[in-house]
Amino acid sequence: MKKLQIPFIQGDGVGQEITQVTLNLVQEVVHKYYSDQVEIEWIELLAGEKAFRETGEYLPEKTLATLKNHPVAIKGPLTTPVGEGFRSLNVQLRQELDLYTCYRPVRYFCGVPSPVKFPEQVDLHIFRENTEDIYAGIEFMQRTEDNEKMKKFLLQELKITGILFPETSSLGVKPISEEGSKRLVRAAIQFALDKKLPSVTLVHKGNIMKFTEGAFCKWGYEVAKEEYSDQTIALSAITGPGDAKGKVIIQDCIADAFLQNLLLKPYQYSVIATTNLNGDYISDMAAAMVGGIGMAPGANINYQTRMALFEATHGTAPDIAGQGKANPGSLILSAAMMLDYLNLPLAAEALRDALEKVISHRKVTSDLHAFIPYGELLTTQKFGEEIAYYL
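Residues numbered from 1 in each chain as written. Predicted model: local features only at pLDDT ≥ 70, side-chain atom pairs only at ≥ 80, totals over all residues. Heavy atoms only, no water.

### Some points on the nonpolar core
Ranked by size, the top nonpolar core spans 74 residues in total, and within it Val30, Ile189, Val200, Leu339, Leu351 and Ile387 carry the most contacts. Contact partners of Leu351, with chain neighbours within four places excluded, come to Leu25, Val29, Ile332, Ala335, Ala336, Leu339, Ile387 and Leu391. Grouped together as the second largest cluster of nonpolar side chains are 15 residues, Val106, Leu124, Ile282 and Val290 included. (Core = buried A, V, L, I, M, F, W, Y, C linked by side-chain atoms within 4.5 Å. Buried < 20%, exposed > 50% of the residue type's maximum accessible area, 1.4 Å probe, protein only. Contact = heavy atoms within 4.5 Å.)

In structure tokens:
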């Protein structure tokens, strides 16, 4: 018998409800399929509002230390103030643990209401760079001392002329590195090869941000050419129908055009490699196409150290917290990803299948109920119980 110690963070808002439902389901499905091989021991870690109430810190050092000593963990949503207050705890965790890939698979589950005609055509694997870009948090509020220093440097030293209203402008820095870009694209290409997927699309805004996002695109092609030359081919190099046979096609697309194409012809895309902010937009829009972010799983992964933190991809929804209205689907599907990552595929597939069966029987939580005629409205807890029935 192998004992798996898995840390979990309950999360804020609806986190308490969806996390408990998810942990119960994981415990049950693992016991059913691997009772003679694996036993899970949950370790609760503090972060967010609960951590602040108990320790006076939003992200205690003990939490970080424990996560660093465990290869896999799972978390509910954590509060992030808008415009003021403390820095995003999600971003802190990704950067402190160097979880440089945000991996979000997006596919349609039968029965989920969708705003598009053919949601079943959506089958994406989004690899979002997770530690750089504007999420580095390097920004300065207008009229502060640091902002004045930055402004003086830009205007006087670098002779920048593009700041139209310097007296009232806040300023920020967007770091995009060669190392960070290449390791992200490398992970995306390797994933496509391992899963025998047809293409990797580099999504960027390099026509405007030539030396950051444009460089990301350039470095992505370099990884393919220098490290995977026998296994990949650039779309621009294809001249005949047999050129790409057995190879992963590497292509790129401007971010705004990609968002349009994703709506019009999602079947043309498979693995997506992109920068941090683009990835945030793309993954949420793709999730909406298959029924909403309440059904979108996600993981933060370092493919070099193999450390992974699985999470609900939505927010804390404080307006419905404690009311039994939250959809635990995102965290449940993230837990299924975690089970795959732990090489427990039978449990992972059973969990996904059970979730799909419940929804296909029109038994859903409040976020989906409004869009399903004659559907049965379930509480968070009851939704979990229905999934358990089909395991």
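The structure having been displayed, the exposition proceeds.
### Brief notes about unusual backbone geometry
The backbone phi angle of Lys159 is positive, close to 60°, even though this residue is not glycine. Mapped onto the elements of the fold, Lys159 is located in the loop between α5 (145–157) and β7 (171–172). Positive phi is not limited to glycine here, since Lys196 has a value of about 55°. With respect to the helices and strands, Lys196 occurs in the loop between α6 (178–194) and β8 (199–204). (Helix = DSSP H or I, 4+ residues; strand = E, 2+ residues; numbered from the N terminus.)

### Quick notes on the layout of surface pockets
Taken as a whole, the second largest pocket spans an internal volume of roughly 730 Å³. Taken together, 26 residues form the lining of the second largest pocket, with Tyr103, His125, Phe191, Lys195 and Asp340 sitting closest to its centre. When residues of the lining of the second largest pocket are traced back to their parent elements, those giving at least two are β4 (101–107), β5 (123–129), α6, β12 (297–302) and α10 (329–341). (1 Å grid on protein atoms, 1.4 Å probe; cavity = no way out; pocket = protein on both sides within 12 Å on 5 of 7 lines; lining within 4 Å. Points joined across faces, edges and corners; volume = space filled by probe spheres on them.)

### Here's the deal with the sheet that holds strand β1 (residues 2–9)
Taken in spatial order, the eleven strands line up as β2-β1-β3-β13-β12-β4-β5-β11-β8-β10-β9 in an open sheet, and their pairing is mixed. In this open sheet, the two strands that pair with only one neighbour each are β2 (38–45) and β9 (232–234). Between one strand axis and the next, the sheet turns by 25° as a mean value, whatever way the strands run. Strand contacts of helix α7 (residues 213–227): β8, β9, β10 (248–254) and β11 (271–274), with the helix running at about 160° to β8, the strand carrying the most contacts. (Pairing = 2+ DSSP bridges. Axes fitted to C-alpha atoms, helices over the stretch in contact; angles between N-to-C directions.)

### Focus on the packing of helix α1 (residues 15–34) against helix α11 (residues 345–360)
Put simply, α1 and α11 touch, their axes get as near as 9 Å, and they point 130° apart. One way to sum up the angle between α1 and α11 is to call them oblique. The two elements α1 and α11 meet at a crossing, and its hand is right-handed. In this structure, α1 uses Leu25, Val29, Val30, Tyr33 and Tyr34 to contact α11, whose residues at the interface are Pro345, Leu346, Ala347, Ala350 and Leu351. Each residue belonging to the contact of α1 with α11 can be placed in one class, and the counts come to ten nonpolar, no polar and no charged. (Parallel < 35°, antiparallel > 145°, perpendicular 65-115°, else oblique. Left-handed = near helix turned anticlockwise from the far one by under 90°. Nonpolar A, V, L, I, M, F, W, Y, C, P; charged D, E, K, R; others polar.)

### Here's the deal with the packing of aromatic side chains
The way to describe two aromatic rings as a pair is by their centre distance and the angle between their planes. As enumerated under the stated definition, the model contains nine aromatic pairs in all. A centroid spacing of 6.1 Å and a plane angle of 25° characterise the contact between Phe127 and Tyr303, whose relative ring orientation is stacked. Here the residue Phe127 occupies a position in strand β5, and Tyr303 occupies one in the loop between β12 and β13 (307–312), the gap between them amounting to 176 residues. For Phe127, a relative accessible area of 0% gives the class buried. Residue classification places Tyr303 among the partly exposed residues on the basis of a relative accessible area of 23%. Between Tyr389 and Tyr390, the ring centres sit 5.1 Å apart and the planes meet at 85°, which makes this aromatic pair edge-to-face. Look at Tyr389 and you get exposed, because its relative accessible area is 65%. Members of the aromatic cluster, each reached through a chain of ring pairs, are Tyr103, Phe127, Phe191 and Tyr303. A cation over an aromatic ring shows up here: Arg128 above the ring of Tyr135, its NZ or CZ 5.0 Å from the ring centre. (Phe/Tyr/Trp six-rings, centres within 6.5 Å; stacked < 30°, edge-to-face > 60°. Lys NZ or Arg CZ within 6 Å of the ring centre and 35° of its normal.)

### Considering the packing of α6 against α7
Relative orientation of the contacting elements α6 and α7 amounts to 55°, with a least axis distance of 9 Å. Classified by the angle their axes make, α6 and α7 are oblique. α6 and α7 meet at a crossing whose hand is right-handed. Facing Glu178, Ser181, Lys182, Leu184, Val185, Arg186 and Ile189 of α6, the residues of α7 in contact are Phe216, Trp219, Gly220, Glu222, Val223, Ala224, Glu226 and Glu227.

### Thoughts on empty space enclosed by the protein
In this structure the tally under the stated criterion is one cavity of 30 Å³ or more. Estimates place the volume of the largest cavity at around 40 Å³. For the largest cavity, the full set of lining residues is Glu129, Glu132, Asp133, Ile176, Ser181, Phe216, Thr275 and Asn276.

### A short note on α7
An α-helix turns once every 3.6 residues. As a result, residues three or four positions apart point the same way. Here α7 contains 15 residues, and its C-alpha end-to-end distance of 21 Å stays within 8% of the 21 Å for a straight helix at 1.5 Å per residue. Regarding α7, the residues found buried are Glu213, Gly214, Ala215, Phe216, Cys217, Trp219, Gly220, Val223 and Ala224. (Expected span 1.5 Å × (residues − 1).)

### Details of α6
If you check α6, its first and last C-alpha atoms are 24 Å apart, about what 17 residues at 1.5 Å a residue would give, namely 24 Å. Of all the positions in α6, only Gly180, Ser181, Lys182, Arg183, Leu184, Val185, Ala187, Ala188, Ile189, Phe191, Ala192 and Leu193 are classed as buried. Once α6 finishes, Lys196 follows within two positions and takes phi at roughly 55°, a positive value.

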